[in-house]
Amino acid sequence: MKKIILLVLLIGIGLSSCKSKKRYSDQLRTQNVQNEHRKSTTDISKKEGNASLPAEPSKFVRFNIDSPSEYISTFAETAQLEMMGYGIPASITLAQGLLESGNGKGELAMKTNNHFGIKCHKGWEGDYDFHDDDEKGECFRKYNHPMYSFRDHSIFLTTRSRYAFLFNLRHTDYKGWARGLRKAGYATDPRYPQKLIYLIEKYDLHQYDKHARKVNYNNTAVVTTDSNNIHTVQKGDTLYSLSRKYYMSVDELMKLNNLRSADLSIGQPIKVK
């Protein structure tokens with residue numbers, strides 16, 4: 001009888017020890033990520049003077065994208081601005097965004113605004129969330145606005161030596177870039193280059209490699225009346241550019257203004273928050 005009681009006690013201690021180790025492991029993983037979050041992210045905006053970002057919004061801005069064409073029209077300008085600042089073809093950025101984010105509708109993109117599947121990695125100092133990928137509960141970078149995901153994608157490629165050879169290619173050589181990303185280890189899927197090339201050619205994304213407007217994130221005038229939060233549309237305004245300035249989603253702007261299309265007219269009053 002004593003032996004049975006002793007055996008039960010030993011089993012109980014073992015189970016308790018396993019639970020404690022798992023709990024400690026979870027706490028340690030969270031603590032490690034939190035430690036990386038201490039430093040301010042303002043260094044990102046200093047990377048390129050001609051492509052500096054507006055201050056990141058204090059709250060999460062959700063984007064509801066209904067189709068690949070809407071994704072492209074929403075983020076094409078951002079991809080071109082990143083190309084001008086960092087040299088990555090806009091077609092490649094858009095194709096990767098479409099593929100990695102599931103046209104902006106994937107679970108990871110919806111809950112983190114992470115459009116490129118970039119994991120935390122050692123040294124990440126921004127916000128984060130856990131998501132099941134190759135392994136359960138992996139750490140992924142999180143942004144309050146998608147434009148910061150596009151910027152982080154640019155910085156990710158330009159600060160890692162394994163991607164350096166890509167920048168010897170012409171920015172119009174999207175096929176070379178697609179194959180080079182796979183060669184450098186961006187993705188493990190052997191058909192990754194073909195998938196990018198397919199998207200680029202299906203949606204004519206290479207047009208954005210040739211026609212980049214000479215603008216930056218901050219050059220469009222903002223005209224508002226403080227009394228009722230009305231923005232007066234200026235030349236070059238788009239719903240996405242307004243969403244960046246006022247930290248609202250395109251969907252919110254359309255609903256607030258009862259808009260049925262994304263077309264804007266110069267002088268048109270737009271309600272903003």
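In case you missed it, the structure is sitting above this.
Sequence order as written defines residue numbering, which begins from 1 separately in each chain. Totals for whole chains, interfaces and linings use all residues, but because this is a predicted model, local features are given only for residues with pLDDT of at least 70 and pairs of side-chain atoms are given and counted only at 80 or more. Here the side-chain values reflect all heavy atoms present in the structure, with hydrogen atoms and water set aside.

Peer 1: How should the packing of helix α2 (residues 68-86) against helix α3 (residues 90-101) be read in this particular structure?
Peer 2: The angle between the axes and the distance between the axes are what describe a pair of packed helices. In this analysis, axes come from line fits to C-alpha atoms, helices being fitted only over the stretch in contact, and the angle between any two N-to-C directions falls in the range 0 to 180 degrees. The helix count covers DSSP runs of H or I at least four residues long, the strand count covers runs of E at least two residues long, and both are numbered beginning at the N terminus. Where α2 meets α3, the axes come as close as 8 Å, and the angle between the chain directions of the two elements is 135 degrees. As the angle between them shows, α2 and α3 are arranged oblique. Relative to α3, the crossing made by α2 is right-handed. On α3, the residues touching P68, Y71, I72, F75, A76, A79, Q80 and M83 of α2 are A90, T93, L94, G97, L98 and S101. For the contact of α2 with α3, the class distribution of residues is 10 nonpolar, four polar and no charged. Any angle between 65 and 115 degrees counts as roughly perpendicular, while under 35 counts as roughly parallel, over 145 as roughly antiparallel, and the rest as oblique. The sense of a crossing depends on the near helix, which, turned anticlockwise from the far helix by less than a right angle, makes the crossing left-handed and, turned clockwise, makes it right-handed. Every residue pair with non-hydrogen atoms within 4.5 Å of one another is taken to be in contact. Note on residue classes: Ala, Val, Leu, Ile, Met, Phe, Trp, Tyr, Cys and Pro are nonpolar, Asp, Glu, Lys and Arg are charged, and everything else, Gly too, is polar.

Peer 1: Sorry, what's going on with the state of the cysteines here?
Peer 2: Chemically, a disulfide is nothing more than a covalent bond linking the sulfur atoms of two cysteines. When the sulfur atoms of two cysteines come within 2.5 Å, that pair is taken as a disulfide. Applying the stated criterion across every chain yields a total of one disulfide. Shown here is the disulfide that connects C120 with C139, its sulfur atoms set 1.9 Å apart. Around the S-S axis, the bridge from C120 to C139 shows a dihedral of about -60 degrees and counts as left-handed. Remark: C139 occurs in strand β2 (residues 138-142) and C120 occurs in the loop between α4 (107-112) and β1 (127-131); sequence separation between them is 19 residues. Both residues of the pair, C120 and C139, belong to the buried class. Exposure categories follow from relative accessible area, calculated using a 1.4 Å probe and restricted to protein chains: below 20% of the type maximum is buried, above 50% is exposed, and the middle band is partly exposed.

Peer 1: Would you take a moment to explain the nonpolar core for this structure?
Peer 2: Nonpolar side chains in soluble globular proteins tend to be buried together. Core analysis: the largest hydrophobic core is formed by 58 residues, its most contacted members being F75, I92, Y163, L181, Y186 and L205. At the level of elements, α2, α3, α5 (146-158), α6 (174-183), α7 (192-202), α8 (239-246) and α9 (250-256) are the ones that each hand at least two residues to this core. Per-element accounting of this core gives the leading share, seven residues, to α2. Contact partners of I92, with chain neighbours within four places excluded, come to Y174, W177, A178, L181 and I200. Nonpolar cores are built from buried Ala, Val, Leu, Ile, Met, Phe, Trp, Tyr and Cys residues. Side-chain atoms within 4.5 Å join them into one set.

Any functional reading would require information beyond the geometric quantities listed.
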